[in-house]
Amino acid sequence: MKSIREILDRILATRATDPDDARRRRLLNILMLGMFTSGFVGALVIIVDAVTLKGLGGAGSQLLLPTAVIIMIGTAVLYYINRYSGRWAAFLFLLLLTVAFSFSDTPDQLANGRSLFVYTFPIAISSLILFPIASFIFAAISSAIIAGLATSVQVVPNLPAIIGFFMLALVSWLSARGLEQALKDLRVINTNLDQLVSERTKALSESLTREMIEAGRSEAILNSIADGVIVFDTNWKSTLANPAIVNLLEIPFSGIVERGIDDLLKPERISAKDRGMLLAMLERPGQIGESFKMEWGKKTLSVNAAQVYDSAGAQIGTVAVFRDFTREAEVERMKSTFVAVVSHELRTPLNAIMGYAEMLKESVYGPINEKQSGATDRVMANTQHLLDLVSELLDQAQIEAGKLKIRVAPFAPAELIDAVHGVMDKIAADKNLAFTSEIDPDLPEQMNGDSYRLRQILINLVNNAVKFTGKGGIHIRFFRRDAAHWGISVRDTGDGIPKDEIPHIFETFRQVDGTTTRQYGGIGLGLSIVKQLVGLMQGEIAVESELGSGSTFTILFPLNNANK
Amino acid sequence: MENNLALIIEDDVDLSNIFAEALRAAGFETEIIRDGAVAQQRLKEVAPYIVILDMHLPHVDGSVLLSQIRTDPPLQKVKVVIVTADAIMGDMYREQAELTFVKPVTFTQLRDFTERMRLQK
């Protein structure tokens, strides 16, 4: 069945691109196929009839066989023409049909009798297979023929038939035109629909392409940065990593991605301490600090972490960025070591100079006159200045190297204050400044803390206060803030600190302005060291100050500071 | 007879002189030793009232001398003042000494402190 249909379709197919032309040609092909088939069947019947029944006899039957053959040849020729021009084929077909009809019966029957109707066929069909208005052409041709035939047999032309022909042409024209219009509309609708679909498809494919380019770009960026990146999901499984991390961690890619964090931080790769610190940092980025440095094999890696949120604000994971810090760490170590060695080597001779000057001043080697005493004072002051600088550098180097340890032990605040007085009383008295202290009674007599570092902090703060106070005095107070905190305040009646400088006074190498360095000595490390020491003791330091009326430094410590 | 001996164990010539002067000014008899091994030997012979101990010494380290003083019964009552340029070292042995000075140590500091110790006995 299917193959017959396919063959038929192939026979009926046309090469026209215009849909109207194609439809007409196809319709013509169908008609001609019908004609050819009927011609073929007719010829067959005539031959069979002639062979079996010895013929019907008569002139009519003698004409039938050539007619059938002519029809077959004619349709075949027209079919061929139809392949090149549908218009010509249709026109010739209809013309031949009309002419053939004109010989199919006697002239009077054709003009006025039973065969008159045959002319309706080309009229009706022409509007379909030629063009709508063509029905009028064939109405006219047919009218001319029957009029001619009527004249030839000397009868009056059949006027109602001619009117009928034109009426039929009108109806054919209208209906064919309506059909064509409907088909055209349908085509337009189809075209619009096609256009819409293709536009949508294009837009979709463009947005997909854009997305792919976007994703590709992000991936390219991730792949090209030198820092190693790992993204963990909320279950601490790594979901994403870049090529740099492979070199940094010295683990193959397959060992990094789609692995749990415990799998990644195997004990042979990272120390328990660093592991704990790293996990704490990843869980609460920003709590330990901006970055954290850890040892990984022979490398020092700096790690930064941030939590990743989706557009709705829910945490979907954590991104960790690793950077090779080995060289920087080495330089830092060398710097610290250098500073420590230099400071150490400087201290001993400075200490000797100081000692001899003091002995001269204290008349250990016999009495000295006033000028000599003044000179030894200058020697001592300058030596002290140098020693302070060296001490600051050394402390800073030790803090930076992480070598400075806090040792918590019981201590008595009263003893601590005595020790500070022991060092600072004379220095304050030399400037005619009052140096007083008090301990609030609700503070315990014995407390836990690093008394040595506390003393260092206090001496630093008081020494600073003395430097910047011209008259008045310095007052230390130990107090209890609340159930969980105790504090120390150091108040002076000095110059005060400008408001815009307050945020910077604890920075390394900083003094309120450059000139004060020469005037007051020190290189601006003192307060920075104090802040770092306070930080190491889990405390906080703050300053309140008013220009002209003095500054108050307040340090707060947790009261239960027994943690080692 | 009252024990009034101060042993100054410090390898730097100048500093050992200054420390000795300070302790003399504080009322002690002083003896300077500039070598760890010599000090180790000397501590087997005498039990001074006070030892001024530097931690960095030739041949035998200050920490060895410190543990000798803290474990040797005859030296039980010896008061130790550590003098070191290394704050970390000072931190480490702070509890085993009467006082730890991180250099610079001034003449008056040492004199006044040791004098107070001498008067307290």
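On a predicted model such as this, the values are computed, not experimentally measured, just so you know. (Residues numbered from 1 in each chain as written. Chains lettered and ligands numbered in written order. Predicted model: local features only at pLDDT ≥ 70, side-chain atom pairs only at ≥ 80, totals over all residues. Heavy atoms only, no water.)

Enquirer: Hey, could you run me through the side chain of His421 of chain A in this one?
Expert: Looking at the element boundaries, His421 of chain A is found in helix H14 (residues 413–430). Leaving out residues up to four positions away in the same chain, His421 of chain A has contacts with Phe435, Thr436 and Ser437 of chain A. (Helix = DSSP H or I, 4+ residues; strand = E, 2+ residues; numbered from the N terminus. Contact = heavy atoms within 4.5 Å.)

Enquirer: So what exactly am I meant to see when it comes to the packing of aromatic side chains here?
Expert: The relation between two aromatic rings is expressed through the spacing of the ring centres and the mutual angle of the planes. Residue and element names in this part refer to chain A. Enumeration over the complete set of coordinates arrives at 12 aromatic pairs over all chains. Taken together, the aromatic side chains of Phe411, Phe478, Trp486 and Phe557 make up a single cluster linked through ring pairs. The ring of Phe325 is capped by Lys293, whose NZ or CZ atom sits 4.6 Å from the centre of that ring. (Phe/Tyr/Trp six-rings, centres within 6.5 Å; stacked < 30°, edge-to-face > 60°. Lys NZ or Arg CZ within 6 Å of the ring centre and 35° of its normal.)

Enquirer: I tried to follow the domain arrangement of chain A on my own but got confused; where do I start?
Expert: Interfaces are often described in size by the accessible area the parts lose on coming together. Its domain assignment divides chain A into domain 1 (2–192), domain 2 (226–324), domain 3 (330–399) and domain 4 (405–558). Summarising the inter-unit geometry, the C-alpha centres of domain 3 of chain A and domain 4 of chain A are found 23 Å apart. (Domains from an automatic or database assignment.)

Enquirer: Honestly, the packing of helix H12 (residues 326–361) of chain A against helix H13 (residues 370–400) of chain A in this entry has me stumped. Any pointers?
Expert: Two quantities define a packed helix pair, namely the angle between the helix axes and the distance between the axes. All names here are of chain A. The geometry of H12 relative to H13 is characterised by a closest axis approach of 8 Å and an angle of 160° between their N-to-C directions. It follows from the interaxial angle that H12 and H13 lie roughly antiparallel. In this structure, H12 meets H13 at a crossing whose hand is left-handed. Here the contact of H12 with H13 is composed, by residue class, of 16 nonpolar, 8 polar and 6 charged. (Axes fitted to C-alpha atoms, helices over the stretch in contact; angles between N-to-C directions. Parallel < 35°, antiparallel > 145°, perpendicular 65-115°, else oblique. Left-handed = near helix turned anticlockwise from the far one by under 90°. Nonpolar A, V, L, I, M, F, W, Y, C, P; charged D, E, K, R; others polar.)

Enquirer: I'm lost on the interface of chain B and chain A in this one. Help?
Expert: Each partner contributes residues to the interface: chain B has 23 residues there, and chain A has 24 residues. A combined buried area of about 2200 Å² lies between chain B and chain A, and 56% of that area is made up of carbon and sulfur atoms. Ranking the residues of chain B by area buried against chain A places Asp91, Arg94 and Pro104 of chain B at the top, with a combined share of 23%. Note that Arg111 of chain B and Glu362 of chain A form a salt bridge whose closest N and O atoms lie 2.8 Å from each other. One can count 5 residue pairs in polar contact (both at pLDDT 80 or more) joining chain B with chain A. Within the residue set of the side of chain B that touches chain A, elements represented by two or more residues are helix H1 (13–25), helix H4 (87–93) and helix H5 (107–120) of chain B. Among the elements that line the side of chain B that touches chain A, the one with the most residues is H1 of chain B, at 5 residues. Residues belonging to the side of chain B that touches chain A are distributed by class as follows: 10 nonpolar, 4 polar and 9 charged. (Buried area = accessible area lost by both parts, 1.4 Å probe. Salt bridge = Lys/Arg side-chain N within 4 Å of Asp/Glu carboxyl O. Polar contact = N/O pair within 3.5 Å; in protein donor to acceptor, adjacent residues only side chain to side chain.)

Enquirer: Help me out: how do you make sense of the sheet that holds strand S11 (residues 540–546) of chain A in this one?
Expert: Strand-to-strand pairing in sheets goes through backbone hydrogen bonds, with the strands running parallel or antiparallel. Residue and element names in this part refer to chain A. With mixed pairing, 5 strands are arranged side by side in an open sheet as S7-S9-S10-S12-S11. Each end of this open sheet is capped by a strand with a single partner; those strands are strand S7 (434–439) and S11. Strand after strand, the sheet turns through a mean of 15° between neighbouring axes, direction not considered. Pairing geometry for S7 and strand S9 (residues 473–482), over 6 bridges, is parallel. Each residue of the ladder has a partner; that of Ser437, found in S9, is Ile476. Sheet strands touched by H14: S7 and S9. Its angle to S7, the strand with the most contacts, is close to 175°. Relative to the sheet, helix H15 (residues 451–468) contacts S7, S9, strand S10 (485–492) and strand S12 (550–558), its axis offset from that of S10 by approximately 25°. (Pairing = 2+ DSSP bridges.)

Enquirer: Explain H14 of chain A here, please?
Expert: Two residues of an α-helix separated by three or four positions point the same way, owing to the 3.6 residues in each turn. All names here are of chain A. Taking 1.5 Å per residue, 18 residues should reach 26 Å; H14 reaches 25 Å between its end C-alpha atoms and fits that length. Among the residues of H14, Pro413, Leu416, Ile417, Val420, His421, Met424 and Ala428 are the ones counted as buried. On the buried face of H14, the contacting elements are strand S6 (409–411), S7, strand S8 (447–449), H15 and S9. Downstream of H14 by one or two residues, Asn432 has phi in the positive range, about 60°. (Expected span 1.5 Å × (residues − 1). Buried < 20%, exposed > 50% of the residue type's maximum accessible area, 1.4 Å probe, protein only.)

Enquirer: What is the right way to read the pattern of salt bridges from this model?
Expert: Any two side chains of opposite charge can pair, on the condition that their charged atoms come close. Inspection of every chain in the model, using the stated rule, returns 21 salt bridges over all chains. The salt bridge involving Lys426 of chain A is made with Asp430 of chain A; its shortest N-O contact spans 3.8 Å. Of this pair, Lys426 of chain A and Asp430 of chain A are both found in helix H14, 4 residues apart, which corresponds to roughly one turn of the helix. On the accessibility criterion, Asp430 of chain A (56% relative accessible area) is exposed. The residue Arg70 of chain B makes a salt bridge to Glu98 of chain B at a minimum N-O spacing of 3.4 Å. Here Glu98 of chain B lies in the loop between H4 and strand S5 (99–102) and Arg70 of chain B lies in helix H3 (residues 62–71), a separation of 28 residues in the sequence. We classify Glu98 of chain B as partly exposed; its relative accessible area is 39%. Each of Asp20, Arg23, Arg24, Glu180 and Arg187 of chain A takes part in one network of salt bridges that share partners.

Enquirer: Looking at this structure, I do not really get the environment of Asn29 of chain A. What am I missing?
Expert: All names here are of chain A. The residue Asn29 is located in helix H2 (residues 19–52) in this model. When its relative accessible area of 4% is taken as the criterion, Asn29 is described as buried. In the structure, Asn29 is positioned 17 residues away from Leu12 in sequence and 5.6 Å away in space, judged by C-alpha atoms. Those residues in contact with Asn29 that sit more than four places away from it in its chain are Ile11, Leu12, Ala13, Thr14, Tyr79 and Asn82.

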